[in-house]
Each structure stands twice: as structure tokens, then as C-alpha cells.
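Letter by letter, the chains look like this.
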Amino acid sequence: YTRNITNVFEDVVSQWPSRKEGDTERPSVSITVTDDYPPLRLSEDSPVLQRVRKAAAKSGKTLEYLVAGGGSDANIFCGQGLPTAILATGMDQVHTVNEQQSLDDMVSITELLCNLAVTPAS
């Protein structure tokens, strides 16, 4: 996505029309990309996921491993060498004026978190 956005800006500048013949003035663009969130990658056998799996089993829950976009504190922690998992809360239409959370999903994640709190690390 970043490359596509950069290409659009560069294309607009390179195709900027001259106002009159011989006019060589055109806008310029300089783009610097800085990663705000390092990628979050945990292997399925990582200790943090093993612990979450144990807590999920106590809660009678099945885990699903998904790749998602965006960034969170977990990205920063993992980037600093502290393996951290993101536990989805089931929010819907996130970061919109229609963001919502079902009560059932709140109860479900709370059960998982309670079991996680009492599940010892391996």
C-alpha cells in the first residue's frame, strides 16, 4: 500500500501540466516512510501462545490465529523482544462512529482473561 501511495504522488508530479510553453516549473515531492509499528510475528509454539492456549482450554474456547493489519502495543513490545499476543475482543466496525462490542463477546474475552491470569507460564 505504501508503495502504491508513493507511486501516485510521484506520478502526479511527473505528469504536472505546464502553464505555458517552455515552463519547466513543477511541484516536487519527497517522501520518507517511517515504520510506526514493527511487524508482530509469533510462532504457534511460542510460550505466550502456549499459555493463552491453556487458558482458552480452561475456558472451553477454540483459538483462531489471524493475520491482521494495524498496530498495537503488542507490536512495540514484540519489537523490543517481549513476546506479546493480541487477544481480539470481537469488536465490530472498529475505529468508526459505528464501532460496537457485543455483551457476549465481552463476557467471552473476560472469561479467557480470568483463566489467563491464573494460568502459570511454562
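Quick caveat: nothing in here was measured; it's all calculated off a predicted structure. (Residues numbered from 1 in each chain as written. Predicted model: local features only at pLDDT ≥ 70, side-chain atom pairs only at ≥ 80, totals over all residues. Heavy atoms only, no water.)

**Some words on the environment of Val107**
Then step 1. Inspection of the secondary structure assignment puts Val107 in helix H4 (residues 103–117).
Then step 2. According to the relative accessible area criterion, Val107 is partly exposed, its value standing at 41%.
Then step 3. Distance in space between the C-alpha atoms of Val107 and Thr89 is 9.5 Å, their sequence separation being 18 residues. (Helix = DSSP H or I, 4+ residues; strand = E, 2+ residues; numbered from the N terminus. Buried < 20%, exposed > 50% of the residue type's maximum accessible area, 1.4 Å probe, protein only.)

**Here we look at the packing of helix H2 (residues 47–59) against H4**
In helix packing, the relevant descriptors are the interaxial angle and the interaxial distance, both defined with respect to the helix axes.
Then step 1. Across the interface, H2 lies against H4 with an axial gap of 8 Å and an inter-helix angle of 120°. Considering their axes alone, H2 and H4 lie oblique with respect to each other. The two elements H2 and H4 cross, and the hand of that crossing is right-handed. Between H2 and H4, the contacting residues are Arg51, Val52, Ala55, Ala56, Lys58 and Ser59 on the first element and Glu111, Leu112, Asn115, Leu116 and Ala117 on the second.
Then step 2. By residue class, the composition of the contact of H2 with H4 is six nonpolar, two polar and three charged. (Axes fitted to C-alpha atoms, helices over the stretch in contact; angles between N-to-C directions. Parallel < 35°, antiparallel > 145°, perpendicular 65-115°, else oblique. Left-handed = near helix turned anticlockwise from the far one by under 90°. Contact = heavy atoms within 4.5 Å. Nonpolar A, V, L, I, M, F, W, Y, C, P; charged D, E, K, R; others polar.)

**A closer look at the nonpolar core**
Then step 1. One finds Val52, Ala55, Ala56, Ile109, Leu112 and Leu116 forming the largest nonpolar core, which totals six residues.
Then step 2. Among the elements of the structure, H2 and H4 are those that each provide at least two residues to this core.
Then step 3. Those residues in contact with Leu116 that sit more than four places away from it in its chain are Arg51, Val52, Ala55 and Leu87. (Core = buried A, V, L, I, M, F, W, Y, C linked by side-chain atoms within 4.5 Å.)

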